[in-house]
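Summary of the model geometry
Okay, here's what each chain looks like letter by letter:
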Amino acid sequence: MELYTGVIHPLVLGVSALLALTGLITLAWAPAHRALRLLVPVTYAAVAVHTVAVVVLLLTGADADIILTLGYTVASVALLALLGIGRLGTPEAASADPDPHRPVLTRSQITRVDAASAVIVAVALAVVAWRVLVILEAAA
Amino acid sequence: MSGVARLSLVVAYAVLALAALGRSTYQIATKLSEAPVPYLVSGVSALLYLVIAVALWRRWTGVALVGTALELLGVLVVGTLGYVESSWWPDETVWTGYGSAYGWVPLLLPAIALALLLRERRARRDDAGVTPAQEGAA
């Protein structure tokens, strides 16, 4: 539990803060999109470590509500699908879809969509991590 | 509505749908009898968020307009009733306190989405050269 509260939870919060900050910078300054794209796999890794840690804690006797804890953990994984969602607006992606209303974005628009989604996902990830911490601490 | 605004709204609604779906599914599955009204309201709001996210993505403007209008109405009614008749709400819903537990996003988001959708509808009408009077007569 000490490892979770001392290292893993702060790691997720730190990555979320970095993601939100980079997203905001990208909204104002498009070249930062490169850094944002590099941050996506880092976020994946942080969420993966967090997920494994929560599962291990539950398996090793943490007396937390399993459905609630796993629900929040699954939600954090599901949020990752929304990172880099601008890829759905590329001309290649749109040409593969028969839907005539599918948005086709320019490069700068893809950058802004990615930045906005990064900020939203970062906030949601931080909230989910905080909720999991509250549940686990209450059970400890 | 620009592609950027549309996709950003889809992401925001998808996150809200995920949050509300998780919360309401757990509450309805484990303790519905304790507070049926709040938990069912949360369930309805979750479904509404999902429908709006899909409608925005598929560009079903009419569905998105009705959905966001219902959502705004729901937030205002439930938020107000929470203060006026607090005994009706033994537990919180997504819309309690005008969505304060979710950073008031449930109140702000439909207002923004409605404004953008109405602007888009007006722009489409202008492009087609149809005046509101003509539309009403038809």
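Residues numbered from 1 in each chain as written. Chains lettered and ligands numbered in written order. Predicted model: local features only at pLDDT ≥ 70, side-chain atom pairs only at ≥ 80, totals over all residues. Heavy atoms only, no water.

Time to look at empty space enclosed by the protein. Residue and element names in this part refer to chain B. Under the defined criterion, the tally for this structure stands at 1 cavity of 30 Å³ or more. What the largest cavity holds in volume is close to 50 Å³. Every residue lining the largest cavity is listed: M1, R6, A55, L56, R59, W60, T61, A64, L117 and E120. Looking at the lining of the largest cavity, the elements that each hand over two or more residues are α2 (36-58), α3 (61-84) and α4 (105-128). Residue composition of the lining of the largest cavity, by class: 6 nonpolar, 1 polar and 3 charged. (1 Å grid on protein atoms, 1.4 Å probe; cavity = no way out; pocket = protein on both sides within 12 Å on 5 of 7 lines; lining within 4 Å. Points joined across faces, edges and corners; volume = space filled by probe spheres on them. Helix = DSSP H or I, 4+ residues; strand = E, 2+ residues; numbered from the N terminus. Nonpolar A, V, L, I, M, F, W, Y, C, P; charged D, E, K, R; others polar.)

Residues and elements named next belong to chain A. A surface patch of nonpolar side chains, about 360 Å² in accessible area, is lined by V55, L59, I66 and L70. Of all the secondary-structure elements, those providing two or more residues to the nonpolar patch are α2 (33-59) and α3 (66-79). Given a relative accessible area of 33%, V55 falls into the partly exposed group. (Patch = residues over 30% accessible without salt bridge, like charges linked within 9 Å, V, L, I, M, F, W, Y side chains within 5 Å. Areas by Shrake-Rupley, 256 points an atom, 1.4 Å probe, with all protein chains shown as cover. Salt bridge = Lys/Arg side-chain N within 4 Å of Asp/Glu carboxyl O. Buried < 20%, exposed > 50% of the residue type's maximum accessible area, 1.4 Å probe, protein only.)

The next subject is the layout of surface pockets. Its volume calculated, the largest pocket comes out at about 1,100 Å³. In terms of lining residues, the largest pocket is bounded by 31 residues, among which A:Y72, A:V127, A:V128, B:A19 and B:Y102 are the most central. When contributions to the lining of the largest pocket are tallied by element, the ones reaching two or more residues are α3 and α5 (107-139) of chain A together with α1 (3-31) of chain B. Top element by residues in the lining of the largest pocket is α1(B). It accounts for 12 residues. Grouping the amino acids of the lining of the largest pocket by side-chain chemistry returns 22 nonpolar, 5 polar and 4 charged. In this structure, the second largest pocket spans a volume of roughly 200 Å³. Along its surface, the second largest pocket is lined by A:A30, A:P31, A:H33, A:R34, A:R37, A:R107, A:I110 and A:T111. Of all the elements in the fold, those that place two or more residues in the lining of the second largest pocket are α2 and α5 of chain A. Classifying every residue of the lining of the second largest pocket gives 3 nonpolar, 2 polar and 3 charged.

What follows covers the interface of chain B and chain A. In this assembly, 14 residues from chain B lie in contact with 22 residues from chain A. Our enumeration of links across chain B and chain A arrives at 0 salt bridges. Run the count over chain B and chain A and you get 1 residue pair in polar contact (both at pLDDT 80 or more). Going through the elements one at a time, α1 and α2 of chain B are the ones with two or more residues in the side of chain B that touches chain A. (Contact = heavy atoms within 4.5 Å. Polar contact = N/O pair within 3.5 Å; in protein donor to acceptor, adjacent residues only side chain to side chain.)

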